[in-house]
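Chain residues, written in single-letter form:
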Amino acid sequence: MRPYRKFWLTVRAHLSCGAFSAGHMGTLAKAVTMLLLGFLLLHAPMRVSAQTMPIIDLHFHADQVWDVQALVKLFDELGVAAAGNGARGADSIVLKFAEQYPSRFIPFGGNEPIRGFINRQGERAYTLQDPAVAEYLERLEAALRNRQFKGIGELVVNSTHSRSDKPSKYPADSPLMQRLWALSATHGVPLSVHMDATSESISQMERLLASDRRGIWIWAHTGWSADSSPTLLRRLLQAHPNLFCELSGRESIRRKYRGDPIDEGGALKPPWKALL
């Protein structure tokens, strides 16, 4: 499988605060980060053009303050077929989005709940010593079994460089991640993982990827920094058929929380163009 088959199509709409509050829409700044491949195309052998390829945003965090109907209208205007990931808040938020428009929203579980456990309990959370974590994982598994959630995440395994304002780090192959990886493998759903491209975290990720090839790993922001170079990615993608990447936050147009850009003024850098 060539490397470009291993990326996810993602279009990010960066909104001003409260842009989708009920009754009005704020200023929209559109940023198209990369033409990648989404779930609907992973196993499709046919060629598709930019005009026919569906846009699927897999780094979309539903927020309860947004007007869902206005958001779907915006999707239609931008040509976004569907969007998914965990909610900004309780898991129930993204489930409500999906209940209203099941074909437009792909609900992931675990984003804020797991992040909260890590922030409060630290090592006790990622080593599964906290009973509350075990209880939550049981509920998450039940929801996956019932097909309520289509994925898990976003899991912030390492944000020491990308989010110095909210740094988080724990082993990418910790007991918690091993349990979530087992859920991914068993239920055929992806993990969305925010992990800065440090050598330690990459080694841990590779061990987990190799432990069960049925699991699916979506590398959010593709490592964020210049260390996640096309050379490194080519090796990782060729070595791990269950590793997929998305490039949200890696475009030069972004003003805030921007990782190392894959473009210069809207034109792909030659090494990235060669990879894709």
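Calculation rules
Residues numbered from 1 in each chain as written. Predicted model: local features only at pLDDT ≥ 70, side-chain atom pairs only at ≥ 80, totals over all residues. Heavy atoms only, no water. Core = buried A, V, L, I, M, F, W, Y, C linked by side-chain atoms within 4.5 Å. Buried < 20%, exposed > 50% of the residue type's maximum accessible area, 1.4 Å probe, protein only. Helix = DSSP H or I, 4+ residues; strand = E, 2+ residues; numbered from the N terminus. Contact = heavy atoms within 4.5 Å. Salt bridge = Lys/Arg side-chain N within 4 Å of Asp/Glu carboxyl O. Pairing = 2+ DSSP bridges. Polar contact = N/O pair within 3.5 Å; in protein donor to acceptor, adjacent residues only side chain to side chain. Right-handed = clockwise from strand over helix to strand, strands pointing away. Phe/Tyr/Trp six-rings, centres within 6.5 Å; stacked < 30°, edge-to-face > 60°.

A. Fine view of the nonpolar core. By size, the foremost hydrophobic cluster in this structure holds 60 residues, and its most contacted members are Met177, Leu180, Trp217 and Trp219. When residues of this core are assigned to their parent elements, the largest contribution, six residues, is made by helix 5 (residues 131-145). In this structure, Trp217 is in contact with Ala172, Met177, Trp181, Leu191, Val193, Met195, Met205, Leu208, Leu209, Asn242, Leu243 and Phe244, ignoring residues within four places of it in sequence.

B. Representation of the pattern of salt bridges. All chains considered together, the criterion is met by eight salt bridges. The salt bridge involving Glu141 is made with Arg179; its shortest N-O contact spans 3.3 Å. Pair noted here: Glu141 is in helix 5 and Arg179 is in helix 6 (residues 175-187), with a separation of 38 residues, a long-range link. On the basis of relative accessible area, Glu141 is assigned to the partly exposed category, the value being 21%. Here Arg214 and Asp212 are joined by a salt bridge, their closest N and O atoms 2.9 Å apart.

C. Inspection of the pairing of strand 6 (residues 151-158) at higher detail. Counting buried residues along strand 6, eight of its eight residues qualify, which places the element largely inside the surrounding structure. The pairing of strand 5 (residues 105-110) with strand 6 spans three bridges and is classified as parallel. Paired with Gly110 across the bridge in strand 6 is Gly153. Where strand 6 meets strand 7 (residues 190-195), five bridges bridge the pair, whose relative direction is parallel. Bridge pairing in strand 7 links Ile152 to Leu191.

D. Focus on helix 1 (residues 68-78). All buried positions along helix 1 are accounted for by Val68, Ala70, Leu71, Val72, Leu74 and Phe75. Structurally, the start of helix 1 carries an N-cap: the backbone nitrogen of Gln69 is 3.0 Å from a side-chain oxygen of Asp67. Phi turns positive one or two residues past the end of helix 1, at Gly79, with a value near 80°.

E. Structural context of the pairing of strand 4 (residues 80-85). By the criterion of burial, strand 4 is predominantly enclosed, with five of the six residues buried. Pairing geometry for strand 3 (residues 55-57) and strand 4, over three bridges, is parallel. By the bridge assignment for strand 4, Ile55 is matched with Val80. Running through helix 1, the crossover from strand 3 to the neighbouring parallel element strand 4 is right-handed. Pairing analysis gives three bridges linking strand 4 to strand 5, with the strands arranged parallel. The residue of strand 5 that forms the bridge with Ala83 is Phe105.

F. Region of the structure containing the packing of aromatic side chains. On inspection of all chains with the given rule, the structure shows nine aromatic pairs. With a centroid separation of 5.6 Å and an interplanar angle of 45°, the aromatic rings of Phe60 and Trp66 are classed as tilted. A relative accessible area of 16% places Trp66 in the buried class.

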